[in-house]
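# Examination of the molecular architecture
So you can see what is in the structure, the chains are spelled out below.
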Amino acid sequence: MINIVSNLKNIKQLLPPQVKLIAVSKFHPVSSILDAYNAGQLLFGESRMQELVEKQEHLPSNIEWHFIGNLQSNKVKAVVACANTIHSVDSWKLLTEINKYALAANKKINCLLEIRIAREDTKAGLSFDDCREFLSTNNWKDLNGIHIVGLMGMATNTDDGEQIRKEFRSLKSFFEEIKLNHFENEVYFKEISMGMSDDFTIAIEEGATMVRIGSSIFGHREY
Ligand SMILES: *Cc1c(COP(=O)(O)O)cnc(C)c1O
């Protein structure tokens, strides 16, 4: 038996108070989300548009939804309608789409730029250089429907803790670089979203401000 409430409690004990826990509820039912919600969890992460839309209709409106999955342009409108934060922004086109629908809905969407830090080249995200180039154009400063609040990254799926640590460290130092070069006076640029069930303790040691944890709270997913 999975005990969501005690799993949550155990994880919370490992998190410094300033680190936000995004409970990743993808593939888990509304009833599991409610269990966590009733134990005080308000931030949830989903990775598919349809699933997010359906679930949020059945859940309390004070839940803060974080979209963490690959996002196609034709799904942006629906995600913007539900989400507070999108962790997986990896192109200028996507950012402008989010901005467009956020303005239409009179919302501000918090966006994190997803950076490719893993060794596998299958993982999504901007390279460091793509991101530098993207920010140096300054076009993003005209987008009034979004806030760029930070960076997101996923480490290589490996047992090699030193490799994972190196990757998280690279994201943290890249964050410091672009904070200095592009966001020095932007108080809301402060988030580093890194760390999942298997690697969040390393991520916290390396400076994560948000961790995205699914299976350690809700159990294994049935795809
Ligand atoms: C599924 C997912 C997670 C959570 O993974 P767990 O290993 O279950 O904790 C975190 N981040 C992203 C982007 C995901 O897709």
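Below you will find a few notes about this structure.

Cut-offs applied
Residues numbered from 1 in each chain as written. Predicted model: local features only at pLDDT ≥ 70, side-chain atom pairs only at ≥ 80, totals over all residues. Heavy atoms only, no water. Salt bridge = Lys/Arg side-chain N within 4 Å of Asp/Glu carboxyl O. Helix = DSSP H or I, 4+ residues; strand = E, 2+ residues; numbered from the N terminus. Buried < 20%, exposed > 50% of the residue type's maximum accessible area, 1.4 Å probe, protein only. Arc of directions from axis to C-beta. Contact = heavy atoms within 4.5 Å.

Think of it this way: side chains of opposite charge can pair up when their charged atoms draw near. As enumerated under the stated definition, the model contains 13 salt bridges in all. Close ionic contact of Lys100 with Glu97 constitutes a salt bridge, the shortest N to O distance being 3.5 Å. With Lys100 and Glu97 both in helix α5 (residues 92-104), this residue pair falls three residues apart, about one helical turn. Taking relative accessible area as the criterion, Lys100 reaches 41% and is therefore assigned partly exposed. Between Asp129 and Arg132 there is a salt bridge, with the nearest N and O atoms lying 2.8 Å from each other. With a gap of three residues between them, Asp129 and Arg132 both fall in helix α6 (residues 128-136), about one helical turn apart. Each of Glu162, Arg165, Arg169, Glu205 and Glu206 takes part in a single network of salt bridges with overlapping partners.

Here the focus is α6. Among the residues of α6, those classed as buried are Cys131, Phe134 and Leu135. Projected down its long axis, α6 shows its buried positions confined to an angular sector of 90 degrees, all on one face. Projecting away from the buried face of α6 at angles above 90 degrees are the exposed residues Asp129 and Glu133. For α6, the elements touching its buried residues are α5, β5 (109-115), β6 (146-153) and α7 (161-182). Once α6 ends, the next one or two residues include Asn138, with phi positive near 70 degrees.

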